[in-house]
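Topology and contacts: notes
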Amino acid sequence: MKNLQLPGIISVGYCQAKKLQPDILDIYDENALMKIYGTMINIPINGQGSIDIGSELVKGSTIYKMKATFSIYGNDDDVKKMCSILKKNIHSFMYVTTEGKKILQGTHEKPYPTVTVKYVNDDSPTGRRGYFVEVNYQNTHSFISLE
């Protein structure tokens, strides 16, 4: 299995996957930038998030696995509400990397990314605390580069 870690992410947005409209419907060229249409809702994050991508050969086909992790910033009630929305697993996600590139995780079609949320409290004044989100996606393509 090959693994690749992309630059950090500085911005996260999500859109209900079925409302996302890509510019190209049938043929996806991984070397071209794609345009998408849909209302992206911003998720305020603490610091930077990360994206890891891996691939493996399964029955003659390459399957890509993409995992994004980030911590949500905000008051407890707002963050809990956002986490409950994200855990419905009906969204596609857009990330902006530290290099200014926009990438899309998931498309308007199934399979959709799956979200896991964990609350961490290290119980020390300088420890980690907050809601940490992990978004996993598995498909025959990894991510889509956006304009």
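The structure presented is a predicted model; accordingly, all values stated were derived computationally and were not measured.

What to know about the side chain of Thr97
Secondary-structure assignment places Thr97 in strand β8 (residues 91–97). Looking at Thr97, the relative accessible area reads 4%, which means it is buried. Not counting residues within four places of it along the chain, the set of residues in contact with Thr97 comprises Pro7, Gly8, Ile9, Ile10 and Ile103.

Considering the nonpolar core
With 24 residues, the main nonpolar core has Ile43, Phe70, Ile72, Phe93 and Tyr95 as its most contacted residues. Of all the elements in the fold, those that place two or more residues in this core are β2 (9–16), β6 (50–58), β7 (61–72), α1 (76–86), β8 and β11 (129–139). Setting aside residues up to four positions removed in sequence, Tyr95 forms contacts with Ile9, Ser11, Val12, Ile51, Met66, Ala68, Phe70, Lys101, Lys102, Ile103, Gln105 and Val135. The next biggest cluster of nonpolar side chains, apart from the first, holds eight residues, and it includes Cys15, Leu20, Met34 and Met94.

Concerning the sheet that holds strand β12 (residues 144–146)
Ordered in space as β5-β2-β8-β9-β12, the five strands form an open sheet in which the pairing is antiparallel. Taken across any chain shown, the strands that pair with only one partner, and hence form the sheet edges, are β5 (41–43) and β12. Taking each pair of neighbouring strands and ignoring which way they run, the sheet shows an average axis angle of 30°. Note: β2 against β5, three bridges, orientation antiparallel.

Here we look at α1
When we look at burial in α1, the residues that qualify are Val79, Met82, Cys83 and Leu86. Within α1, the buried residues cover an arc of 100° as seen down the axis, which keeps them to one side. Opposite the buried face of α1, by more than 90 degrees, sit the exposed residues Asp77 and Lys81. The inward-facing, buried residues of α1 contact β2, β5, β7, β8, β10 (114–121) and β11. The N-cap of α1, judged by a side-chain oxygen 3.2 Å from the amide nitrogen of Asp77 a few residues on, is Asn75.

Quick notes on the rules
Residues numbered from 1 in each chain as written. Predicted model: local features only at pLDDT ≥ 70, side-chain atom pairs only at ≥ 80, totals over all residues. Heavy atoms only, no water. Helix = DSSP H or I, 4+ residues; strand = E, 2+ residues; numbered from the N terminus. Buried < 20%, exposed > 50% of the residue type's maximum accessible area, 1.4 Å probe, protein only. Contact = heavy atoms within 4.5 Å. Core = buried A, V, L, I, M, F, W, Y, C linked by side-chain atoms within 4.5 Å. Pairing = 2+ DSSP bridges. Axes fitted to C-alpha atoms, helices over the stretch in contact; angles between N-to-C directions. Arc of directions from axis to C-beta. Polar contact = N/O pair within 3.5 Å; in protein donor to acceptor, adjacent residues only side chain to side chain.

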